[in-house]
Structures are given as C-alpha cells and as structure tokens.
Amino acid sequence: QVQLVESGGGLVQAGGSLRLSCAASGLTFNSYIMGWFRQAPGKEREFVAAIRGSALRTYYADSVKGRFTISRDNAKNTVYLQMNSLAPEDTAVYYCAAGLSLAIATMSSYRYWGQGTQVTVSS
C-alpha cells in the first residue's frame, strides 16, 4: 500500500520560511516524479514544484520560482519543499504527489497523493 505523508506545515509570518517533508512508502521511490501542489480556500488545486526521480531536473510554478526549492533524498524516500520569503498568498494546504508522467504540472499525471499539510502565512 502506497502512503505519502506530509509534515512541516504551520503558521509563519510573512517573509518567513518553512520546510515541508513528504515521506513515501510502498513504492519504488526513485522511479517516481514527485510533485507538490497547493490548494487555497475557494480555489482550485495548483502545481507548485516537481522533481524527477534522479533529482537532476526540477520544475517550478512561476509564482514560487526563486523562493521555493524542491529536493529529494532517495535513500530516505522523502521529498522536501523549502519555502522562503513566504507571503500571505502562499497560504494553502500543500499536497505531495507521486507519478510517472512528464506532464508534471497536471494533477492527473500523479497516481498517489498525500493528505496535505496546512501552511498559513500571516501578514
């Protein structure tokens, strides 16, 4: 059974930083593209960042480029999202996901999803 478990969310002031983690089990982790998505209240879920299994290639939404960094540790079956210079508009539930398709910004490309972790940025 595949499980993705996010952690690291919380409340932070604008300009602050958080590091999200997503621990995976039940899958051949280094074979999967790992992605982070987020969903703000009243909005659709949107792509944030993704990383290939080899970790040699990363992808970012324009809204987070230069502020967020995705990384992975295949020995620990874990993917991370370092979030710096956080702003109130980054407030959302953040989800990690695992997939095999190179259509990395498309939700349907990801087969497995975590339950999400709340990030709240106060102004």
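Within any chain, residue numbers begin from 1 and follow the written order of that chain's sequence. Under the rules for a predicted model, residues below a pLDDT of 70 receive no local features and side-chain atom pairs below 80 are neither given nor counted, while totals for whole chains, interfaces and linings still include all residues. Hydrogen atoms and water are omitted, and side-chain values are computed over all heavy atoms in the structure.

Caption draft 1: Geometry of the pattern of salt bridges. A pairing counts as a salt bridge when a side-chain nitrogen of Lys or Arg comes within 4 Å of a carboxyl oxygen of Asp or Glu. Considering all chains together, one arrives at 4 salt bridges under this definition. The residue arginine 38 makes a salt bridge to glutamate 46 at a minimum N-O spacing of 2.7 Å. Residue exposure (1.4 Å probe, protein chains only): buried if accessible area is under 20% of the type maximum, exposed if over 50%, otherwise partly exposed. Under the relative-accessibility criterion, glutamate 46 is labelled partly exposed at 35%. Measuring nitrogen to oxygen at the nearest pair gives 3.2 Å for the salt bridge that ties aspartate 62 to lysine 65. For aspartate 62, a relative accessible area of 66% puts it in the exposed group. Through salt bridges with shared partners, a single network forms among Arg38, Glu46, Arg67 and Asp90.

Caption draft 2: Quick peek at the nonpolar core. Within the largest apolar cluster, 38 residues are counted, with the highest numbers of intra-cluster contacts made by Met34, Trp36, Leu81, Met83 and Tyr94. Numbered from the N terminus, helices here are DSSP runs of H or I no shorter than four residues, and strands are runs of E no shorter than two. Mapped onto this core, the elements with two or more residues apiece are β3 (18–25), β4 (33–39), β5 (46–51), β7 (68–73), β8 (78–83), β9 (92–99), β10 (110–113) and β11 (117–122). Contacts were defined at the residue level, with two residues in contact if any of their heavy atoms lie within 4.5 Å. When residues no more than four places from it in sequence are discounted, the contact partners of methionine 83 are Gly16, Ser17, Leu18, Leu20, Arg67, Phe68, Tyr94 and Val119. What is meant by a nonpolar core is a set of buried Ala, Val, Leu, Ile, Met, Phe, Trp, Tyr and Cys residues, joined one to another through side-chain atoms within 4.5 Å.

Caption draft 3: Region of interest: unusual backbone geometry. Non-glycine residue asparagine 77 carries a positive phi angle of around 55 degrees. Of note, asparagine 77 is situated in the loop between β7 and β8. The partly exposed category is assigned to asparagine 77, whose relative accessible area is 24%. In this structure, serine 85 is a non-glycine residue whose phi angle is positive, near 50 degrees. Among the secondary structure elements, serine 85 is positioned in the loop between β8 and β9.

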